[in-house]
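Topology and contacts: notes
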Amino acid sequence: MDAAPPIPLGVLASGRGSNLKNLLQSGFRVAAVATNRPHCGAAQIAREWGSPLGEFPQSRYDSRVERDRAMVTWFKAQGAELIVNAGYDRILDPVFVHAFADRILNLHPSLLPAFGGSMDAVEQALRAGVKLTGCTVHLVVEEVDAGPILLQAAVPVLDGDSVDTLRARIQAEEHRILPEAIRLLAQKSPSIRQ
Ligand code: GRF
């Protein structure tokens, strides 16, 4: 596999943090991790790896726009140049989207546009009875799960799959395509300092 590009990443995360861990283990330069859930697995991984961690629970702010403005300021102060939503469970305010226009990647556990706009895409795929689902890495625009798609990976739904077994196979693909999408974007965007 190609070496990780030395772009300073800002990672937004709220969950288990397996994608964050995979980026760290793959040698990506994680300049900063921001979370809205200070007790989540991703926050713990950032602490273990010594990545600067910004805690931005919504309860500390009067509005989403205030919180997201604070995150922009903090990410910029840490030198983050490309933002990666790796399991971030909030919708970004337009203020954030414009501050890092064309430099925010989102990871979604379905083949968009199928099962977009939701936090339970894996459950929805199972309920719908589709035989094929997967994951998508796309650029973030104001509309949720609607930005240009960079990479997708298909994952078959097997007889007897549960949410957990299907999610595990989707995540294995996420761990492959997220780093690849970061490399792609780094190559396509010469304006991003490396
Ligand atoms: C991933 O499945 C991603 O598609 C979704 O949130 C999950 C995050 O997983 N947006 P993890 O926290 O990286 O393990």
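Calculation notes
Residues numbered from 1 in each chain as written. Predicted model: local features only at pLDDT ≥ 70, side-chain atom pairs only at ≥ 80, totals over all residues. Heavy atoms only, no water. Axes fitted to C-alpha atoms, helices over the stretch in contact; angles between N-to-C directions. Helix = DSSP H or I, 4+ residues; strand = E, 2+ residues; numbered from the N terminus. Parallel < 35°, antiparallel > 145°, perpendicular 65-115°, else oblique. Left-handed = near helix turned anticlockwise from the far one by under 90°. Contact = heavy atoms within 4.5 Å. Nonpolar A, V, L, I, M, F, W, Y, C, P; charged D, E, K, R; others polar. Near = heavy atom within 4 Å. Polar contact = N/O pair within 3.5 Å; in protein donor to acceptor, adjacent residues only side chain to side chain. Areas by Shrake-Rupley, 256 points an atom, 1.4 Å probe, with all protein chains shown as cover. 1 Å grid on protein atoms, 1.4 Å probe; cavity = no way out; pocket = protein on both sides within 12 Å on 5 of 7 lines; lining within 4 Å. Sits in = over half its atoms within 2 Å of the grid points. Pairing = 2+ DSSP bridges.

1. Quick word on the packing of helix α1 (residues 18–25) against helix α2 (residues 41–49)
Running from amino to carboxyl end, α1 crosses α2 at an angle of 25°, the nearest separation of the two axes being 8 Å. Taken together, α1 and α2 sit at an angle that is classed as roughly parallel. Relative to α2, α1 is oriented so that their crossing is right-handed. Along the contact surface, α1 presents Leu20, Lys21, Leu24 and Gln25, while α2 presents Ala42, Ile45, Ala46 and Trp49. For the contact of α1 with α2, the class distribution of residues is 6 nonpolar, 1 polar and 1 charged.

2. Quick notes on the site of the ligand
Taken together, Gly15, Arg16, Gly17, Ser18, Asn19, Gly87, Leu107, His108, Pro109, Gln171 and Glu174 are the residues near the ligand. Contact between the ligand and asparagine 19: an oxygen atom at 2.8 Å from a side-chain N or O atom of the residue. One of the backbone nitrogen or oxygen atoms of leucine 107 is found 3.1 Å away from a nitrogen atom of the ligand. Protein contact buries 85% of the 370 Å² of open area that the ligand shows by itself. For the ligand, the cavity whose grid points lie within 2 Å of the majority of its atoms is the largest pocket. For the shell around the ligand, the elements supplying multiple residues, two or more each, are α1, β5 (104–108) and α6 (163–188). Taken together, the residues of the shell around the ligand sort by class into 2 nonpolar, 7 polar and 2 charged.

3. Some remarks on the packing of helix α5 (residues 121–128) against α6
A packed helix pair is summarised by two numbers, namely the angle formed by the two axes and the spacing between the axes. Where α5 meets α6, the axes come as close as 10 Å, and the angle between the chain directions of the two elements is 120°. α5 and α6 meet at a crossing whose hand is right-handed. Contacts from Val122, Glu123 and Leu126 in α5 reach Val163, Leu166, Arg167 and Ile170 in α6. In terms of residue class, the contact of α5 with α6 is built from 5 nonpolar, no polar and 2 charged.

4. Some details on the sheet that holds β5
Spatially, the 7 strands line up as an open sheet ordered β3-β2-β1-β4-β5-β6-β7, and their pairing is mixed. The open sheet has two edge strands, β3 (53–55) and β7 (149–156), and neither has a second partner. Looking at each pair of strands side by side, their axes are set apart by 15° on average, direction ignored. Inspection of the sheet shows strand β6 (residues 132–139) paired to β7 by 7 bridges, in the antiparallel sense. Within β7, the residue paired with threonine 136 across the bridge is glutamine 152. Running over the sheet, α2 touches β1 (9–13), β2 (30–35) and β3 and is turned about 145° from β3. This element, helix α3 (residues 64–77), spans β1, β2, β3 and β4 (82–85) of the sheet and lies at about 160° to β2.

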